[in-house]
Amino acid sequence: MRYLAQIFQGLRVLLPTGSLLLAVSLSVVATPPDAHASIPNRVYRVDIRPKSGYTHITVKLQDQPNYTLTALPGNRLRLIMHGTGGALFKKYRRYSDANIGGLTFLRRGPDLLMTFQVAAGTGWRDLSLDGVTAITLDVGKPFNPGVPHPYIGGREKIWNGVEKLVRDFDPPLKTEIPFIPTDLQILRSILNDSDQQLFVAAEAALYKGRLSEAEEIFTQFAGRQTPIRPLALYRLGETLYKLQKYPQSLAVFREAERLWPAYLNFNPGVAFYYGDSIARSGDLAAGRMLLAHLIARLADKSYAPALLVRMADVLARQGHEQEALAVYRTVAQNYTDNKANQMARLRLADREFLSATPWNYRNLVDIYQDISQQAGDIAIREESHFKWVLLEAIHGMAPEALRHVVGFQKMFPHGVYATVCRTMREVLVAQVYRATEWAKDESGLVRFAEEQQDYLSGCIELPEFLPAVVHAYEETGRPIELIKLFSMLLDRQWASAGAPFMLEQIAEKADLLGDTVLAEKTLRSFVRKYPAHPQVRLIMERLAGMYYADGKYQEVKDTLLWLLNKGEHARKPESYYYLGRSLWNTKASAQAAKAMEVYLSSNGVSGGEASRLLPDAYYVAASAREALGDRKGALRLLESGIKLPANAQNEGLLYKAGELNLLDGKRQLARDYFERVAKSGKDPDWQKLAQQALTSLGIQGSSRSLQ
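Residues numbered from 1 in each chain as written. Predicted model: local features only at pLDDT ≥ 70, side-chain atom pairs only at ≥ 80, totals over all residues. Heavy atoms only, no water.

## A short note on the overall build of the chain
And step 1. The helix and strand inventory of the chain stands at 34 helices and nine strands.
And step 2. Looking at the chain residue by residue over its 707 residues, the buried ones come to 51%.
And step 3. Considering only residue pairs separated by 6 or more positions, the chain has 58% of its internal contacts joining residues 24 or more positions apart.
And step 4. Counting every atom, the chain has about 33,800 Å² of accessible surface; 51% of that belongs to carbon and sulfur. (Helix = DSSP H or I, 4+ residues; strand = E, 2+ residues; numbered from the N terminus. Buried < 20%, exposed > 50% of the residue type's maximum accessible area, 1.4 Å probe, protein only. Contact = heavy atoms within 4.5 Å. Areas by Shrake-Rupley, 256 points an atom, 1.4 Å probe, with all protein chains shown as cover.)

## A look at the environment of Leu 113
And step 1. By the element assignment, Leu 113 lies in strand S7 (residues 111-118).
And step 2. Taking the C-alpha atoms as reference points, Leu 113 and Leu 79, separated by 34 residues in sequence, lie 5.7 Å from one another.
And step 3. Ignoring any residue separated from it by four or fewer positions in sequence, one finds Leu 113 in contact with Arg 78, Leu 79, Ile 80, Thr 104, Phe 105, Leu 106 and Arg 108.

## As for the sheet that holds strand S3 (residues 67-72)
And step 1. Here four strands make up an open sheet; going across it, the order is S3-S4-S7-S6 and the pairing antiparallel. The open sheet has two free edges, formed respectively by S3 and strand S6 (100-108), since each of these has just one partner strand. Here the strands of the sheet are splayed against their neighbours by 20° on average, with no regard to which way each runs.
And step 2. Relative to S7, S6 runs antiparallel, the two sharing seven bridges. The partner of Leu 106 across the bridge, within S7, is Leu 113. (Pairing = 2+ DSSP bridges. Axes fitted to C-alpha atoms, helices over the stretch in contact; angles between N-to-C directions.)

## A short note on the sheet that holds strand S1 (residues 41-50)
And step 1. One open sheet holds the five strands; their spatial order is S5-S1-S2-S9-S8, and the pairing between them is mixed. Each of the sheet's edge strands pairs with one partner strand only, and the pair in question is strand S5 (84-86) and strand S8 (123-126). Averaged over all pairs of adjacent strands, the angle between strand axes in this sheet comes to 30°, irrespective of strand direction.
And step 2. Sheet analysis places S1 next to S5, joined by three bridges and oriented parallel. Bridging across to S5, Val 43 finds its partner in Gly 86.

## Re helix H22 (residues 465-475)
Three- or four-residue spacings in an α-helix give side chains the same orientation, since the helix completes a turn every 3.6 residues.
And step 1. Looking at H22, one finds that the buried residues are Phe 465, Leu 466, Val 469, Val 470, Ala 472 and Tyr 473. Along the long axis of H22, the arc covered by the buried residues comes to 160°, so they all point the same way.
And step 2. For H22, the elements touching its buried residues are helix H19 (418-435), helix H20 (442-451), helix H21 (457-460), helix H23 (479-490) and helix H24 (499-512).
And step 3. Backbone geometry just after H22 places Gly 477 at a positive phi near 65°. (Arc of directions from axis to C-beta.)

## Describing the pattern of salt bridges
And step 1. Counting across every chain of the model gives 36 salt bridges.
And step 2. Among the salt bridges present, the one from Glu 474 reaches Lys 509, with a minimum N-O distance of 3.1 Å. Pair noted here: Glu 474 is in helix H22 and Lys 509 is in helix H24, with a separation of 35 residues, a long-range link.
And step 3. Exposure remark for Glu 474: the relative accessible area of 43% places this residue in the partly exposed category.
And step 4. Judged by relative accessible area, which is 4%, Lys 509 ranks as buried.
And step 5. With its nearest N and O atoms 2.8 Å apart, the salt bridge here joins Asp 616 to Arg 581. Note that Asp 616 is positioned in helix H30 (residues 609-627) and Arg 581 in helix H28 (residues 574-585), a separation of 35 residues in sequence.
And step 6. Ionic contacts of the salt-bridge type, sharing partners, join the residues Glu 203, Arg 235, Glu 238 and Lys 242 into one network. (Salt bridge = Lys/Arg side-chain N within 4 Å of Asp/Glu carboxyl O.)

## Considerations on the side chain of Arg 310
And step 1. Along the chain, Arg 310 turns up in helix H13 (residues 304-317).
And step 2. For Arg 310, a relative accessible area of 4% translates into the label buried.
And step 3. A polar atom in the side chain of Arg 310 sits 2.8 Å from the side chain of Asp 276. (Polar contact = N/O pair within 3.5 Å; in protein donor to acceptor, adjacent residues only side chain to side chain.)

## Digging into empty space enclosed by the protein
And step 1. For the coordinates displayed, the defined rule picks out two cavities of 30 Å³ or more.
And step 2. Of the voids in this model, the largest cavity is the one considered here, and its volume is about 120 Å³.
And step 3. The wall of the largest cavity is formed by Thr 68, Leu 69, Thr 70, Ala 71, Trp 124, Glu 352, Ser 355, Ala 356, Asn 360, Asn 363, Leu 364 and Ile 367.
And step 4. Residue assignment for the lining of the largest cavity shows that the elements contributing at least two residues are S3 and helix H16 (361-374).
And step 5. When residues of the lining of the largest cavity are assigned to their parent elements, the largest contribution, four residues, is made by S3.
And step 6. Its residues placed into classes, the lining of the largest cavity shows six nonpolar, five polar and one charged. (1 Å grid on protein atoms, 1.4 Å probe; cavity = no way out; pocket = protein on both sides within 12 Å on 5 of 7 lines; lining within 4 Å. Points joined across faces, edges and corners; volume = space filled by probe spheres on them. Nonpolar A, V, L, I, M, F, W, Y, C, P; charged D, E, K, R; others polar.)

Encoded structure:
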């Protein structure tokens, strides 16, 4: 801890002056005495070869390198080779080509630094491989992704907001300062027994993270004009800080300090939250001053380095970037067994995040991955793991990036980055779908759709996606699973663009499986939700067909009556038949006649289903004409129906023609129709009726008898 103590001595000088003295105080921080005792690696050769459009740099080492590649202000790159020694290669200081120039080597503690200038508009890629004892870099304009789009195309949704997330996302800091509960003797002196228990319960809630409960109780105590009020205000300020209500916490802390300023010397944790609230509320100088006082007091504590990192954050927000970087680097290099080490390394890595490109980002991924694996603090582990995954999502290949995002969600299902991860996964799922050839892998597409069903918003925007999914399920013989998938998607607001298509498919597959209840329900939902949809007329016709099959004639009438309006035309000719039959059954003769005659005059009503429906259509149309008093029209329809080729179901038409001719006094013609039914008919019911009609004619004086 003596190195940190030296910093704190410098901080005491810093308090009344400014940030510049912080850099001076940091310069006196000694490197641990044994830092140079053992340097495990060594550089023995550097090769620089200009190529067409770029420069190829190879640094050869004794063993596999541990290094960091960092972009510096002023178009410079710095290669930091950790735990590495070697010559300073002074001959390269004057080297220059179209892409790089002025390579300088410098020893800094146990590390060897190679820094060089790069041309404006130049980018780089890292070609180093695991297991190879060399660092290989290409530097040139071909590797510059350009400022507007430093990410793989199609990932704009992921990139948008990244800068704010990486630079500005700053959740409440866990200081590692032990929680100090209030001494019970103090509480007994100012509170009765029940209030003592309540205050202790509030502190327990604060300690365990039940912040809303703690806020409610401390607010009650803070509202009382009693001796407990100053202490309650401090505890309320601490609670509000952890709830990220920084302006409110600052106001409460200031009132508490006015009433009991000495308490800040008793409880360093509360003092930190107060100082950080000041900084977060915009008064960076005052916040830094309070934090510096606190750090100086706690120089010998294990949690002091974490406070120093936090003060460096304040310095960075004040614009003192170099001083902040000095603090981060000092903590990162000298306190490897402390949580502050991961905090400082995270801050340093974040400064490289926005300059990462698809060619050089993997080195930064390794840093975040290493921090995540070493961190004992769950918040640091989650943050560093997320940033590693975020880099992959911005710059990596889609399948691999998607795998990383899914893995992160499983590890931190309820973390602070859950919403961002959803967007990342949606984008990557769509890219994986577009980049995969599914034509010969229907089972793979089914598996993909079911595994990613909550993240298909980008896929549903693609017009070919849902039809391809339907085809895949059909080819694999899984209609029930398709119904389940589409039913789930219909509950998602982001899937609304594909809802009409999915409703159609659910109804079709349900009808195929014999689930008419689901089919009807689905089609009714379509009609109700999408009355202006181009397909709604066809859906209504399909729904009416189901109603007709169930004998729901009134529902058929209500669903299809619009077909009789001027300018309307059915997509399915049999819809006129269903409407006409239903109108006839509900005793609407005029409309029934119109519907049936439209059906009979429709093109394409022969063969298949029509061959079964046509005889009955002529019968109903004729019956409707008869009911309207138009026997001639009815007879014309019957005669047309009787002449249908290969009409094996014409007994009803023949019998009806006999009846109408008999009513017109054409007894002989009527007898001929009845005899055709009685002699040649195949339906026993119509034969019986025809025989009865002939018998009636014989009783009335017919000279002919039935043979």
